[in-house]
Amino acid sequence: MRISEIGSPELRPSHHDSSSQLLSQLECSIKEGELLSPEKPLPTNLSSDIRSTLSQLSSLVPFSNSIKLQIWKLSFRLWNACVDLSNAAGVRASSDKVGEEVVKLRQVSADMLLLAGNVDGVPSPALKSASFYYKTGLIWHELRRFDLAASCFEKATDLTAKLDVATISDPGERKLLLDLNIARSRTAWDVADRNLAVTLLNRAKNLLSGSAEHYKALGNQYLVFGKSALSKIEGSGVKEALKLMNEALDLFEKGLSTARTRNGTEDLKASRSKCLRFIAAVHLQGEEFESVLKCIRVLREGGGDRHPCLPVLAMKAWLGLGRYGEAEKELRSMVVNKGVPESIWVSAVEAYFDAAGTAGAETTKGLFLGLLDRCHVSAGAAVRIAFRVVGEGGSGDGARVRAKVAAELVSDERVVALFAGEAAAKDRTAMHAVLWNCAADHFRLKDYVTSADMFEKSMLYVPYNIENRILRAKSFRVLCLCHLGLSQLDQAQEYINEAEKIEPNIACAFLKFKIYLQKNDHNAAIHQMQGMITCIDFTPDFLSLSAHEAIACRAIPVAVASLTNLLDFSSGKAMPTTEVAVLRTLVTILAHDSGCEQEILKFMKRAHLRISELGPDCFFGKGEVGRRERNWFAVNAWNFGSNAGKEKNYEACAEFFRLASEFYSVVLDGEMEENSIMVCKSLTLTVSAMVAAEKQRQVPLLDAEVKQAIKLLERAGKTLSSISSRTQLNEDQATAIKPNLFFIYTFNAYDLHGRLNDLGSQQLQLVKTFAASKFCNPNHLLQIGLNASQGPQSNHEVATFALTECLSAFLSSPSPDYQNIALIARRLISVSSIHRGETDDDAVYAMYKQAYRIMVGLKDGDYPTDEAKWLAVTAWNRAAMPVCLGQADAAKKWMNMGLEVASKVAGMDTYRSCMEDFVADFAKKHARIDDDGESN
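What comes next concerns the included structure.

Secondary structure summary: the protein contains 45 helices and zero strands in total. Evaluated residue by residue, the protein yields a buried proportion of 47% over its 936 residues. In the structure as shown, the protein presents an accessible area of about 46600 Å², 51% of it carried by carbon and sulfur atoms.

This is how it looks when you write it as structure tokens:
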């Protein structure tokens, strides 16, 4: 150090002067603090100023006793000022910055005592200083400034650490030491230093000094820690809680042995009982039910404890042991105990019912009704009980039993009375929701009896006012549904009539429609369905829904009427489903009922009309959906036509096949061409049905109808010509086109052209085309030939051509059908004889000759005997005219033909002998005539 820096004694202020100056500053600051008022904002720098002064003052230690005494006095003045401020303002909030400033001043006051140290004449200065730190620490703890609180408690502990507890006789001072340890332990617990907290409590046992009050205080702190540990979720929390509570119980029992006053004894007994109750709760949480019952037995027998929680704990313990009878006794004891709060009683009932289940439903009801007689019960409690009894859904007998008990409970007049008035509006709504949901659950399970009962009970909690009008109507509607499910139609109608009086709407109208359906009153159902359209909230969906209901009830007329009204109502409007789907459904419905061909035909014609109005893509739809719809109508029209044909309803058959051709000819988006083969088949069968209907009703077709049929066949003919001209058919075409189709087409075309007096060449060309096709069959040609050879519109050219081609086909067969061959031969001879007369005798002779040649080489019986005899006889008879006319050559020709044929027929020997004799006589006679002629 420099010499210049060392002050001379004259210039350096003395130690006493510095202390006085700092004490004056300190006193000024404290005076400022004494003048503070809670109405005015506190200066935030006051505590820092005082602390700065103390810092300077600490450099002058050691102090004289007078200075120490002065510091003590200033400290108490500051402390008292803080106490006055706190009492006046009640500052205790952590968010209040002013309150924190006051606590800082308190801590400065404690620091002043610590700085001053011991003072002569002041008893127990260390304990007084420690008390300031203790009280300040308590306030910091309340403000949750645990670090500052712990600092204060530790300084107080340091001040008292060197004291001999045995020498302290003052009860207040001994209590301070105990409270200090407890407070420090509480702070350690709150900062999660559990080990330190328990250690500090254990140390505090040495400070009890045999005082009952001390035992109670320490025991209570153990109990607080035990309750806190019990709230932990981990399993270790239960063990820790039990250990702490046992410590508390031990302290309370020791305190009882030291208690000298009645009040002290009663307080300790109450604390002991409280501790035992918590220990019982700990055992219950740990599922140690026997231990729970032991605690309760001790409480009841030893102290006569009647706390409301004891029956609850006992009941839960008995339930845990499965002894429901004992649990019910505990529960019933609560009914007569007026000290049990409603919340605890309801909680106990819920616990009992959760454990006992359905078996406890009746007991729960009885107990709750008994509680109504004992005291006032809130509506909320009734809701909770009803909810527990009803349960959360479920099925089976158990659910039905619970619902029945709940219905009896909520319908009791005393329970209903709890919900009267506006004050219970919220609980009333809650009760209605509980009952409604229960009813809905049973309705979904199709338990309509239980559902109806619960819906009825829920209406007890619907006030009869305008605001709840809609809810009442809804209740009547669901009751109607329940009775519909039970097929109690009269009751259902009563409920829906009530609902309609309150709130007439489409739902009521539809339910009435359902009732009529189930009563099989189709006319009333149709009338009701038509009335639905007039409802304000009507939508077309209800017509679709009505149709579904009618189908389910097999009420076909009602379903048809519903869908028909849907089509009419939605004409040009948006529909809940497509028009094609509605028409398809109509046709499907009618198809299940016999005798509805005309109705089906009407709707199929309507579908065809809508195709022309909307276009195929708009009506059927596009893509694969449209193709499926088109094919459905086409295939069903074909099937209906086939069925009508089988039933010989040929008029309907023709209409259906005509529609089938129209549907098959529809070309949708993305398709290259129509289904030409099915169009051809449909058109051909349409004409066949028209001809069959003509024969059935025996009224000839009009010329216009004939021309129309010919036009249809012309369309079919184009397809057949195209197909028959192909050298190879694919598998589908080969399957679809059968030989009889071409025959039917040709046969009908031939017939219809003949009616219009067309030239025979047109008919002949049709037959020639058929004969040249791949589908020609000899039997079909035979039928055409026979038909052309007879009747008023016979055509000998067609007959001759068809029969000749047919004969050639039969003869070329490996196994000729001589029955048909004989028939053809006879018919050819007849046709030639009729249409050619005797001018073409050679042609007729040639046919006989051909027939003879066929017979040559055959076994007896191969060629039909009757036909052979006919040939022989008719050939012989043809000689009669030439004989009469003297045409010997012609006569010989036919007689010889008859003899030749007769020679091939078994059983004509006698005839042949006569024929030979006649031929011989005829030859002799003509020989003489010839000789006479030569001689002349």
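Another aspect to go through is the nonpolar core. Ranked by internal contacts, the top residues of the largest apolar core, which has 153 residues, are Met-112, Phe-419, Met-431 and Met-454. Among residues more than four places away in sequence, those in contact with Met-112 are Leu-26, Ile-30, Leu-54, Ile-71, Leu-74, Ser-75 and Leu-78. Counting 137 residues, the second largest nonpolar core, distinct from the first, contains Phe-663, Leu-766, Phe-775 and Met-847.

Moving on: the packing of helix H29 (residues 597-614) against helix H32 (residues 650-664). At a closest axis distance of 11 Å, the pairing of H29 and H32 adopts a crossing angle of 25°. Here H32 runs roughly parallel to H29, going by the angle between their axes. Where H29 crosses over H32, the handedness of that crossing is left-handed. Listed contacts from H32 to Glu-597, Gln-598, Ile-600, Leu-601, Met-604, Lys-605, Ala-607, His-608 and Ile-611 of H29 are Ala-652, Glu-655, Phe-656, Leu-659, Glu-662 and Phe-663. Here the contact of H29 with H32 is built from residues that sort into nine nonpolar, two polar and four charged.

The full count for this structure, using the stated rule, is 28 salt bridges. What you see here is one network of salt bridges that share partners, running through Glu-579, Arg-610 and Glu-613.

Assignment of secondary structure puts Arg-477 in helix H22 (residues 469-485). Beyond its immediate stretch of four places on either side in the chain, Arg-477 contacts Ile-496, Ala-499, Glu-503, Asn-505, Ala-507, Cys-508 and Leu-511.

Before going further, it helps to spend a moment on the packing of aromatic side chains. Counting across every chain of the model gives 24 aromatic pairs. Seen from their ring centres, Phe-419 and Tyr-461 are 5.0 Å apart, and the 85° between their planes marks the pair as edge-to-face. Of the two residues, Phe-419 sits in the loop between helix H19 (413-417) and helix H20 (425-444) while Tyr-461 sits in the loop between helix H21 (448-458) and H22, which places them 42 residues apart along the sequence. Residue classification places Phe-419 among the buried residues on the basis of a relative accessible area of 3%. We classify Tyr-461 as buried; its relative accessible area is 3%. Summarising the aromatic geometry, the rings of Phe-633 and Phe-663 are spaced 5.6 Å apart at their centres and angled 45° between planes, so their arrangement reads as tilted. Note that Phe-633 is positioned in helix H31 (residues 623-646) and Phe-663 in helix H32, a separation of 30 residues in sequence. Accessibility classification places Phe-633 together with Phe-663 in one group, the buried group. These aromatic residues form a ring-pair network of at least three members: Phe-619, Phe-620, Trp-632, Phe-633 and Phe-663. A cation over an aromatic ring shows up here: Arg-194 above the ring of Trp-189, its NZ or CZ 4.1 Å from the ring centre.

The end-to-end C-alpha separation of helix H28 (residues 579-591) is 18 Å, in line with the 18 Å expected for 13 residues at 1.5 Å each. By the burial criterion, the buried members of H28 are Glu-579, Val-580, Ala-581, Val-582, Leu-583, Leu-586, Val-587, Ile-589 and Leu-590.

Quick look at the packing of H22 against helix H23 (residues 489-502) now. At their nearest, the axes of H22 and H23 sit 8 Å apart, and the two run at 165° to each other. Relative to H23, the element H22 is oriented roughly antiparallel. For H22 against H23, the interelement crossing comes out left-handed. Counting all contacts with H22, which are made through Arg-469, Arg-472, Ala-473, Phe-476, Arg-477, Leu-479, Cys-480, His-483 and Leu-484, the residues of H23 involved are Leu-489, Gln-491, Ala-492, Tyr-495, Ile-496, Glu-498, Ala-499 and Ile-502. Considered class by class, the residues forming the contact of H22 with H23 number 11 nonpolar, two polar and four charged.

Definitions and cut-offs
- Residues numbered from 1 in each chain as written.
- Predicted model: local features only at pLDDT ≥ 70, side-chain atom pairs only at ≥ 80, totals over all residues.
- Heavy atoms only, no water.
- Helix = DSSP H or I, 4+ residues; strand = E, 2+ residues; numbered from the N terminus.
- Buried < 20%, exposed > 50% of the residue type's maximum accessible area, 1.4 Å probe, protein only.
- Areas by Shrake-Rupley, 256 points an atom, 1.4 Å probe, with all protein chains shown as cover.
- Core = buried A, V, L, I, M, F, W, Y, C linked by side-chain atoms within 4.5 Å.
- Contact = heavy atoms within 4.5 Å.
- Axes fitted to C-alpha atoms, helices over the stretch in contact; angles between N-to-C directions.
- Parallel < 35°, antiparallel > 145°, perpendicular 65-115°, else oblique.
- Left-handed = near helix turned anticlockwise from the far one by under 90°.
- Nonpolar A, V, L, I, M, F, W, Y, C, P; charged D, E, K, R; others polar.
- Salt bridge = Lys/Arg side-chain N within 4 Å of Asp/Glu carboxyl O.
- Phe/Tyr/Trp six-rings, centres within 6.5 Å; stacked < 30°, edge-to-face > 60°.
- Lys NZ or Arg CZ within 6 Å of the ring centre and 35° of its normal.
- Expected span 1.5 Å × (residues − 1).

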